[in-house]
Amino acid sequence: MPSSAPYTIRNAYGTKTTSGPTTAIAAPGVGKRLVVHYCRMTRNVATDVTIITKDGSTQMDSITLTSEIPGILEVLPDDLAFRLGDNAAYVFDFSADVSVSWRLRYRIENA
């Protein structure tokens, strides 16, 4: 049975183990933008880490994963989803060399 959704949801996932920035979802091209509906991050080791999420090079949000908060899960309806700028990548920037597994669900729309 065909989906009734007016757009295609895509998945990106991986494990990051080094400090510094990394592109989680590549820029979609001029005139397009990423819309992130779901974000899960889980710390795989006991070391604390601060994770900054970026809209290209602009900071959007940050969280520190600790023994009390070893992971996060955000499920966002369309009106609250993270809408990035025109042709911007979704970037993670880690404060330490810590293993963190992540998964994103997103779509691409016209900017």
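Values in this document were obtained by computation on a predicted structure and should not be read as measured data.

Looking now at the sheet that holds strand β8 (residues 90–94). Across a sheet, paired strands are connected by hydrogen bonds in the backbone, their directions being either parallel or antiparallel. Pairing is antiparallel in the open sheet, where four strands are placed in the order β2-β8-β4-β5. The outermost strands of the open sheet, each flanked by one partner alone, are β2 (20–25) and β5 (58–65). Ignoring strand direction, the axes of neighbouring strands in this sheet form an average angle of 25°. Examined bridge by bridge, strand β4 (residues 49–55) and β5 share seven bridges and lie antiparallel to one another. Opposite Asp55, over in β5, you have Thr58 as the bridge partner.

This next bit is on unusual backbone geometry. The residue Asn87 is not glycine, and still its phi comes out positive at about 55°. Relative to the helices and strands, Asn87 resides in the loop between β7 (82–83) and β8. By relative accessible area, which is 31% here, Asn87 ends up partly exposed.

Sheet topology places strand β3 (residues 32–43) next to strand β9 (residues 100–110); eleven bridges connect them, and they run antiparallel. Note on β9: the bridge partner recorded for Arg40 is Arg103. As defined by bridge partners, β3 adjoins β7 across two bridges and the pair is classed as antiparallel. Opposite Val36, over in β7, you have Phe82 as the bridge partner. The sheet contact formed by β3 and strand β6 (residues 71–75) spans five bridges and is antiparallel. Across the sheet, the residue bridging to Cys39 is Glu74, located in β6.

Conventions adopted
Residues numbered from 1 in each chain as written. Predicted model: local features only at pLDDT ≥ 70, side-chain atom pairs only at ≥ 80, totals over all residues. Heavy atoms only, no water. Pairing = 2+ DSSP bridges. Helix = DSSP H or I, 4+ residues; strand = E, 2+ residues; numbered from the N terminus. Axes fitted to C-alpha atoms, helices over the stretch in contact; angles between N-to-C directions. Buried < 20%, exposed > 50% of the residue type's maximum accessible area, 1.4 Å probe, protein only.

None of this, on its own, says anything about what the molecule does.
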